[in-house]
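# A structural walkthrough
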Amino acid sequence: MFAFLHRNQVPLSSFCCLLLSIYILAAAARGQIKNEPLSTFLMWIMRPLQIASQGTANWIKGFQENYDTLAGFKSENERLRKRVQTLEVERQKLLEAEATNRRLNQLLDFRRHLPATPVLASIIANSANSWFQSCLLDKGSADGIRKGMAAVTPLGVVGQVVSVTARTAKVLLLTDPNSGIDVLVQRTRSRGIVSGSLENGTVLKYVKRSEDVQEGDRLITSGLDGVFPKGMMVGTVIKVSKQHLGLFQFIEVLPAVQSARVEEVMVVAGEGDASKN
Amino acid sequence: MRLFLLFFLVGIFLLLLQTTLLHLLPIGPVVPDLILVLCVYLGLYHPSVGGALGSFLLGYSIDIVSSPILGLNAFAMSLVFLSVYFSSRAIWIQNPIVTSLVVLLAALVKGTAVVLISAVFLSVEGFWIGAARYIIMEALVAAVLAPLVFALLRRGQNYIEKFHAVAQ
């Protein structure tokens, strides 16, 4: 018996890991796992590293965009080019400061229109795989963020908080296949659910064939899910098709917020949640 | 212990890369899965209880940082380790093409596991429809990067072992 265990220790330990994963999956699916210590420990290590790394990534992104501008100066001589590059780096810093200032001002204005007191948070990491669309915020339960709160910007909905540690919060983005936001077509008040999909980007589901939905229609949150404040912009309809069979229309949506370009979000309790507080 | 520390630090570094800087690569929605490559490396060169636990923890770390549900990537990475462990008895990896091929197959195993587990535990409607494209794209990117990651890991491991030998 002992010899058998010793001989097969690697496959047996792997098998135990698989069973443990399934147990964790089942417990997580039932919502029984809350703030286990490993998450807190990993986040404690990762948070400062991710803040620094994301800062570098944002700087590179900004620099790439500005480099396109620099490309026009290629024909000029080397001295001028170096001078322009130096100035460009300085300009980039000023532009970045100005853009940050503008964004934060917009968020402050927007904050006054929200039903509950929002928490301003920065995105410090994105999803680690291609399957799921999520991001990590630099604020957590210690700052008042709770699971189920909405992440929004002045432009519209970003996603929903799905888990929190003391200093970080994970947001499931609107474009994730697991997300689902109760929306209204602003023009006709038809209801549906906006969700991500791997196949077609973001889609509006469960809208009956008889409902009047057209390209260009704006979608806003209905507020009925108790997660998102009512009337927030979700996206714009870009394609409507009615297949031969089926009860519902197929509708593609362009999200109002391009999550890849967002750096700060407001985390706010929904109307249902806010009234409880 | 030194090797454990090496793989722990490499795991943290790769997770950091995957969640931040690798998103800047112009390869569409796919993020190179370097942690999968590390799990394959563990399965091939460290077929031990520590390797199995390491793969599980690497997957669990991804779950903590970015999965909609805990346990999803832990399961997939453990399965990858087990698959590679069994297949490593039949193959002899000495050149980058075979390395890429093994990582490609491991990525396909992982992608399929993620889709199946998502279908069971997340009940995402129609999730599998677009999944094939993602599985293949992710597998190809991982396969292309695998020889480089393997070479770096081997170099790091050699350095640690040499340092250990000299210290003794």
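The structure under discussion appears in the preceding block.
Below is a short write-up of the structure. (Residues numbered from 1 in each chain as written. Chains lettered and ligands numbered in written order. Predicted model: local features only at pLDDT ≥ 70, side-chain atom pairs only at ≥ 80, totals over all residues.)

### Focus on the overall build of chain B
Along the backbone of chain B there are six helices and zero strands. Listed by position from the N terminus, the elements making up chain B come as α-α-α-α-α-α. Against the 2.2 N^0.38 benchmark of 15 Å for 168 residues, chain B shows a C-alpha radius of gyration of 16 Å, consistent with a compact globule. Projected onto the principal axes, the alpha-carbon positions of chain B cover approximately 60 × 35 × 30 Å. Each of the 168 residues in chain B was classed as buried or not, and the buried ones make up 49%. Across chain B, contacts joining residues at least 24 apart in sequence account for 67% of those joining residues at least 6 apart. (Helix = DSSP H or I, 4+ residues; strand = E, 2+ residues; numbered from the N terminus. Rg over C-alpha atoms; globule rule 2.2 N^0.38 Å. Buried ≥ 20, exposed ≤ 12 C-beta atoms within 10 Å, placed from the backbone. Contact = placed C-beta atoms within 7 Å.)

### Brief notes about the interface of chain B and chain A
If you look at the interface, chain B gives 49 residues, while chain A gives 46 residues. Every element with two or more residues in the side of chain B that touches chain A is listed here: α1 (2-19), α3 (49-66), α4 (72-87), α5 (96-122) and α6 (131-167) of chain B. Examining the composition of the side of chain B that touches chain A, we find that nine residues originate from one element, α3(B), more than from any other. Looking at side-chain class alone, the side of chain B that touches chain A contains 35 nonpolar, 12 polar and two charged residues. (Nonpolar A, V, L, I, M, F, W, Y, C, P; charged D, E, K, R; others polar.)

### Here we look at the sheet that holds strand β2 (residues 134-137) of chain A
All names here are of chain A. One closed barrel holds the six strands; their spatial order is β1-β2-β5-β4-β3-β12, and the pairing between them is antiparallel. Across the sheet, the mean angle separating the axes of adjacent strands is 45° when strand polarity is ignored. Across three bridges, the pairing between strand β1 (residues 119-126) and β2 is antiparallel. Bridge pairing in β2 links Asn-126 to Cys-135. Running over the sheet, helix α4 (residues 78-111) touches β1 and β12 (264-268) and is turned about 15° from β12. (Pairing = 2+ DSSP bridges. Axes fitted to C-alpha atoms, helices over the stretch in contact; angles between N-to-C directions.)

### Observations concerning the nonpolar core
One finds A:Val157, A:Val267, B:Val37, B:Leu38, B:Cys39, B:Val40 and B:Val80 to be the most contacted residues of the largest nonpolar core, which totals 115 residues. Here this core gets 11 residues from one element, more than from any other, and that element is α4(B). When residues of this core are assigned to domains, at least three fall in each of domain 1 (37-174 + 263-268) and domain 2 (181-257) of chain A. (Core = buried A, V, L, I, M, F, W, Y, C linked by C-beta atoms within 7 Å. Domains from an automatic or database assignment.)

### Section: the pairing of strand β7 (residues 191-197) of chain A
All names here are of chain A. In the sheet, strand β6 (residues 181-185) pairs with β7 via four bridges, with the strands oriented antiparallel. Of the residues in β7, the one forming a bridge with Leu-184 is Arg-191. The loop that links β6 with its antiparallel partner β7 comprises five residues; one of these, Arg-189, has a positive phi angle of about 65°. For β7 and strand β8 (residues 201-205), the ladder comprises five bridges, and the chain directions are antiparallel. Opposite Gly-196, over in β8, you have Thr-202 as the bridge partner. Taking the residues that link successive antiparallel strands as the turn, the β7-β8 hairpin has three residues.

### Describing unusual backbone geometry
Residue and element names in this part refer to chain A. Positioned with a positive phi, Arg-189 is a non-glycine residue whose angle comes to about 65°. Relative to the elements of secondary structure, Arg-189 occurs in the loop between β6 and β7. For Tyr-206, which is not a glycine, the phi torsion comes out positive at approximately 60°. Its location among the elements puts Tyr-206 in the loop between β8 and β9 (218-221).

### Here's the deal with the environment of A:Ile123
Residues and elements named next belong to chain A. You can see Ile-123 is positioned in strand β1. Ile-123 sits in the buried class, given 21 other C-beta atoms within 10 Å. Ile-123 sits 93 residues away from Arg-30 along the chain, and the two C-alpha atoms are 28 Å apart.

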